[in-house]
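Reading the structure
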Amino acid sequence: MMLPTHAVFGLALATPLALLAPEFATAALTGGFVGGVLPDLDLYAGHRRSLHYPTGYTIVAIVSSIGAAILRMPVLVALAFLFVGAAAHCRMDRYGGGLELRPWEGTSEKAVYDHVRGRWRTPKRWIRYDGAPEDIALMGLVGVPLAVILDSPFRWAVVVALLIGCTYGLLRRRLAELAPTVFEQVPDSVSTYVPERYKQ
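Just so it is clear, the model here is predicted, and its values are computed rather than measured.

Where charged atoms of side chains with opposite charge meet at close range, the side chains can pair. Evaluated as defined, the whole model comprises 7 salt bridges. Residues R117 and D114 are paired through a salt bridge, measuring 3.6 Å at the closest nitrogen-oxygen approach. For R117, a relative accessible area of 54% puts it in the exposed group. Look at D114 and you get buried, because its relative accessible area is 1%. A salt bridge links E134 to R128; the nearest nitrogen and oxygen atoms lie 2.8 Å apart. E134 sits in the partly exposed class, given a relative accessible area of 22%.

And the structure:
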């Protein structure tokens, strides 16, 4: 799934606590947002492997959530939701398409790398590819109510995510067509850092 969907879901996971315990709202929402985005910072360096830890994030999320519930400290609440958001991100990537430039072709069986088992988990393809109409619908289904419920600045984070997600969805297939041409033009010193899937 696309990054805006993950960001919106990270916020959605933290919203119930933010509404029930407003004193922890900023910590919970910030943690959820950062956690939803964090794994995709590996986009150009071992994507869905370097910062994607489906089992690790889940274990740390459970431990940090217990700690936050007992100690009730904002920093622990933020960390708990960061790991909850990151764990959810990895799970959601498994529900999408494979790790390839054109996931609608269904040629990759790599969804998320499982460091514990030492192998790639296969994609379920419930959401055919990042930016697919069903990805946009899911983002909107969760994001629009959040934009109504949340206060600034988180409301604006959701609005921006929705706008970026919709734009990306409209351009997704065209971007895949352009990528090999664009990345063919980069200097050799930069080309070594461009993932192979963008050159095909």
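Checked against the element boundaries, D130 lands in the loop between strand 2 (119-121) and helix 5 (133-149). In this structure D130 touches M1, M2, P103, D135, Y168 and R172, once residues within four positions along its chain are discounted. Of note is the side chain of D130, whose polar atom sits 2.5 Å from the side chain of Y168. A distance of 3.1 Å separates a polar atom in the side chain of D130 from a polar atom in the side chain of R172.

Let us now look at a nonpolar patch on the surface. A contiguous nonpolar patch, built from I62, I66, I70, L71, M73, V75 and L79 and spanning about 660 Å² of accessible area, is present on the exposed surface. Looking at the nonpolar patch, the elements with two or more residues in it are helix 3 (54-71) and helix 4 (74-95). With 4 residues, helix 3 is the largest single contributor of residues to the nonpolar patch. Here I70 is to be found in helix 3.

Here we come to the environment of E109. Position of E109 relative to the elements: it lies in the loop between helix 4 and strand 1 (112-114). C-alpha of E109 to C-alpha of G97: the two residues are 12 residues apart in sequence and 8.5 Å apart in space. Ignoring anything within four residues of it in the chain, the contact list for E109 reads R121, T122, P123 and R125.

Quick look at the nonpolar core now. By size, the foremost hydrophobic cluster in this structure holds 24 residues, and its most contacted members are V8, L11, L29, V77, L146, L150 and V158. Those elements that provide at least two residues to this core are helix 1 (3-20), helix 2 (25-37), helix 4, helix 5 and helix 6 (154-184). The residues touching V77, leaving out its near neighbours within four places in the chain, are L17, F24, A27, A28 and A68. With 6 residues, the next largest nonpolar core counts Y57, A86, A87 and V112 among its residues.

Criteria and thresholds
- Here the residue index of a chain counts from 1 through its sequence in written order.
- Residues qualify for local features only when their pLDDT is at least 70, as the model is predicted, and side-chain atom pairs are given and counted only at 80 or more; totals for whole chains, interfaces and linings, by contrast, use all residues.
- Remark: hydrogens and water are excluded; side-chain values derive from all non-hydrogen atoms of the structure.
- The salt bridge definition used is simple: a Lys or Arg side-chain nitrogen within 4 Å of an Asp or Glu carboxyl oxygen.
- Buried residues are those whose accessible area, probed at 1.4 Å on protein chains only, stays under 20% of the maximum for their type, while exposed residues exceed 50% and partly exposed ones sit between those limits.
- Helical segments are the DSSP runs of H or I of at least four residues, strand segments are the runs of E of at least two, and each set is numbered from the N terminus.
- We call two residues in contact whenever any of their non-hydrogen atoms come within 4.5 Å of each other.
- The definition of a polar contact used here is a pair of N or O atoms within 3.5 Å, where within protein one atom must be able to donate a hydrogen and the other to accept one, and adjacent residues in sequence count solely through side-chain atom pairs.
- Surface patches are defined over residues having more than 30% relative accessible area and no salt bridge, joining like charges when they lie within 9 Å and nonpolar side chains (Val, Leu, Ile, Met, Phe, Trp, Tyr) when within 5 Å.
- Only the protein chains shown count as cover for residues, with accessible areas throughout obtained via the Shrake-Rupley method and a probe of 1.4 Å.
- Nonpolar cores are built from buried Ala, Val, Leu, Ile, Met, Phe, Trp, Tyr and Cys residues. Side-chain atoms within 4.5 Å join them into one set.

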